[in-house]
Amino acid sequence: MTLPGGEISSRPLHFFWIVDCSGSMVGDKIQTVNNALDETIPEMIKIAGENAKAHLFVRALKFSSGAEWVVKDPTPVDQFKWIPLDADGVTDMGAAFELLSEELKMPPMPSRALPPVLVLISDGQPTDDYKCGLRSIFNEPWGKKAVRIAIAIGDADVDTLKEFIADPEIPVLEARNPQALTRFIKWVSTAVVEKSINPPSKLPGEKGHSGIQISNDPILEKSDPETKSSTEIDVW
Amino acid sequence: MQLWKIIHSSVCGKTHILENIPNQDAIAVFPKVPDLINPPFICSIADGHGGKKYCFSDVGSSFAVKCANSVIFESVFNGEWNLDSINNQIIRESIGKKIVEEWKREVMNHYIHNAPYSLIVEKQPVKYSLPINEYSAYKMYGSTLISFFLYNDFLVILQLGDGDVLILFDDDKVVNPLIKSDELIANVTFSLSLPAAWKNFNIKVISLGNKNGEYYPPISCILVSTDGYSNSFSEYNGFMKVILDIREEVLSHPNGVIAGIDDINEMLPEWLNETSSQGSGDDISLVIACNVNCLESLKKIRNGSYE
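Treat the numbers as computed from the prediction; the structure is a model and nothing was measured. (Residues numbered from 1 in each chain as written. Chains lettered and ligands numbered in written order. Predicted model: local features only at pLDDT ≥ 70, side-chain atom pairs only at ≥ 80, totals over all residues.)

Caption draft 1: Just the overall build of chain A, in detail. Helix and strand counts for chain A stand at seven helices and six strands. Counted from the first residue to the last, chain A has its helices and strands arranged as β-α-β-β-α-β-α-α-β-α-β-α-α. Across the 236 residues in chain A, those meeting the buried criterion constitute 50%. Pairs at least 24 residues apart make up 80% of the contacts formed inside chain A by residues separated by at least 6 positions. (Helix = DSSP H or I, 4+ residues; strand = E, 2+ residues; numbered from the N terminus. Buried ≥ 20, exposed ≤ 12 C-beta atoms within 10 Å, placed from the backbone. Contact = placed C-beta atoms within 7 Å.)

Okay, here's the thing in structure tokens:
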């Protein structure tokens, strides 16, 4: 049967890792990020395979002294390979936001896409004008509508990460040890992706920028130091 | 007088089938005759928002198309409209506003009589149980709406929320006459359920023929669909090609234009099911109005040139 019209495909879901590679990440922080991101790829492939409604594309961006794409092209998740990152330099988060905002423009982003998922992982304080970069993101329709998640490692500047999320219903995920960091990365790669594939309709002005409801997820409760597992101790 | 033939279909998306959720779309065409018709006619299509917050949106979309056709019929066909002297603002205030009022009246009536406490509790979390404020009730029935009607020498289109309208002119030009806001991405949509919803109607009036210095060539076909259809195509141009491909099928049918349209009508449900399955996974509803005279003229020209 020949269907009328052009090529048919499920809607794209663009997923961005934005990773702090500043000098303070040296050691087990960057090692844990590398391991967790590598290990989570098969789980992302599984989730994408179970949800034929969307094509999942992954990209990665790092920042330290400046910012640079690690994987710039939208890469189908089953072809995505994690390239281990090294840590060195300062925390030019604003530079990363500027690079990201370019990719959130329409085009290259198609209007039919699902809300993109932006995941920021950081352990420090921005050393450049991050507010300017944030404005660039929020100036793009897809920047405003994106699902924005932030994972704070150790004593990261939580207020900056809250500004990035810009949704009081989504807390910053505060990881104070490798187990928590791994757990949060895996949760973002699975639960958040799954919910982003099936977004509900949203009316203008409704709470939450993306329409994705993750505020009631148990993992967010575990980000609260008072409810975390007793076997986990703060090392960062 | 031009003869038109209107075909339509609505299918439940794969995602809703898997979750045992009914089709949230609705279609209504006036007059309800399957054969050739002369204008005026009205077509409306609506897409209930779906999801837990909009638990009666399948009912809301059916009210939307019913109210739209009824209001347009009463206001325009049965009224004293002179489309030569109207503008978008007048249409928004006199038709759009009435549609929203009628829809809200129907919704509240349904809510009071058919959605008692027990049903709401069964379908929704307790937070939606009675007593409920007016807008929370409307929200449960939330729906988009696109209506178009052909009256005298005018085509009038009203759109509230997402969905698509394509017009194929005689000169092969395909146009989406309504400009989509950049804000309406990521499943964000205007809705009949919003306060002052009528203000969000996007309206286009196209005069058929040469009027007020504007000239449009004859229209071959008008296609209106819910967003599940255009969201199934990798590129928007691929979606726009649909109307060209359908016209090509009609024109190349060995038994003539009307037989070609009838064949398309039979194939529509299968096409839409397959498109939803390979594409958006969403419900898809589609109305195509074909200008039979225009298509027959085109076919004659083609046959003449082939001979």
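Caption draft 2: Structural view of the overall build of chain B. Counting its secondary structure elements, chain B contains nine helices and twelve strands. Expected size for 307 residues packed as a compact globule is a radius of gyration near 19 Å; at 20 Å, chain B falls within 12% of this value. If one aligns the C-alpha atoms of chain B with their principal axes, the spans along those axes are about 70 × 45 × 35 Å. Counting every position in chain B, which comprises 307 residues, the buried fraction comes to 48%. Residue pairs at least 24 apart in sequence account for 75% of intrachain contacts in chain B once pairs closer than 6 positions are excluded. (Rg over C-alpha atoms; globule rule 2.2 N^0.38 Å.)

Caption draft 3: Main features of the sheet that holds strand β2 (residues 25–30) of chain B. All names here are of chain B. Spatial strand order, β2-β3-β4-β5-β8: five strands in an open sheet with antiparallel pairing. The sheet terminates laterally at β2 and β8 (202–207), the two strands that pair on one side only. Within the sheet, the average angular offset between the axes of one strand and its neighbour, ignoring direction, is 10°. Alignment of strand β4 (residues 145–151) against strand β5 (residues 154–160), held across seven bridges, turns out to be antiparallel. The residue bridging L150 from the neighbouring strand is L155, located in β5. (Pairing = 2+ DSSP bridges. Axes fitted to C-alpha atoms, helices over the stretch in contact; angles between N-to-C directions.)

Caption draft 4: Region of the structure containing the sheet that holds strand β6 (residues 164–169) of chain B. Residues and elements named next belong to chain B. In spatial order, the strands read β1-β12-β11-β6-β7; together these five strands make up an open sheet with antiparallel pairing. Both outer strands of the open sheet, β1 (4–11) and β7 (174–175), are each paired with one neighbouring strand and no more. Summarising the sheet, β1 and strand β12 (residues 284–291) pair through eight bridges and their orientation is antiparallel. Its bridge partner being in β12, S10 is matched across the sheet by S285.

Caption draft 5: Quick peek at helix α2 (residues 57–77) of chain B. Along its 21 residues, α2(B) runs 29 Å from first to last C-alpha, staying within 8% of the 30 Å computed at 1.5 Å per residue. Burial analysis of α2(B) places 15 of its 21 residues in the buried class, which makes it a mostly covered element. (Expected span 1.5 Å × (residues − 1).)

Caption draft 6: Geometry of unusual backbone geometry. Going from A:M106 to A:P107, the amide bond is cis rather than trans, its omega being -20°. Residue placement: A:P107 occurs in the loop between α2 (93–103) and β4 (117–122). Omega for the peptide link from A:P107 to A:P108 comes to 15°, which places this bond in the cis form. The phi dihedral of B:N20 is positive, around 60°, even though this residue is not glycine. On the secondary structure map, B:N20 appears in the loop between α1 (14–18) and β2. Taking the number of C-beta atoms within 10 Å as the measure of exposure, B:N20 has 6 and is therefore exposed.

Caption draft 7: Up close: the pairing of β6(B). All names here are of chain B. Counting buried positions over the six residues of β6 gives five, a clear majority of the element. Note: β6 against strand β11 (residues 219–225), six bridges, orientation antiparallel. By the bridge assignment for β11, F169 is matched with I219. Two elements, β6 and β7, share two bridges in a ladder whose sense is antiparallel. What sits directly across from L168, in β7, is V174. The hairpin formed by β6 and β7 contains four residues between the paired strands, and D172 there has a positive phi angle of roughly 75°.

Caption draft 8: How the structure looks around the interface of chain B and chain A. Across the boundary between the two partners, chain B contributes 37 residues, which contact 25 residues of chain A. The set of elements that each furnish at least two residues to the side of chain B that touches chain A consists of α7 (236–251) and α8 (257–278) of chain B. For the side of chain B that touches chain A, the leading source of residues is α7(B), giving seven residues.

Caption draft 9: The arrangement of the packing of α7(B) against α8(B) in detail. Residue and element names in this part refer to chain B. Packing of α7 against α8 brings their axes to within 7 Å, and their N-to-C directions diverge by 130°. As the angle between them shows, α7 and α8 are arranged oblique. For the pair α7 and α8, the contacting residues are I246, E249, V250 and L251 in the first and V257, G260, I261 and I264 in the second. (Parallel < 35°, antiparallel > 145°, perpendicular 65-115°, else oblique.)

Caption draft 10: Summary view of the environment of A:D123. Residue and element names in this part refer to chain A. With respect to the helices and strands, D123 occurs in the loop between β4 and α3 (130–138). Distance in space between the C-alpha atoms of D123 and S24 is 7.3 Å, their sequence separation being 99 residues. Ignoring sequence-local partners within four residues, the contact set of D123 consists of D20, S24, M25, K29, I153, G154 and A156.

Caption draft 11: Focus on α8(B). Residue and element names in this part refer to chain B. Between its first and last C-alpha atoms α8 spans 29 Å; for 22 residues at 1.5 Å apiece the expected length is 32 Å, and the two agree. Of all the bends in α8, the greatest reaches close to 45° and is centred on M267; the proline P269 follows between one and four positions later. If you check which residues of α8 are buried, you get V257, G260, I261, I264, L268, W271, L272, T275 and S276. (Bend = angle between axes of the 7 residues up to and from the residue.)

Caption draft 12: A look at the environment of B:V107. Residues and elements named next belong to chain B. If you trace the backbone, V107 turns up in helix α3 (residues 88–114). Note: C-alpha distance between V107 and S232 (125 residues apart in sequence) is 31 Å. Each residue touching V107, except ones within four places of it in the same chain, is listed here: G60, F63, A137, Y138 and Y141.

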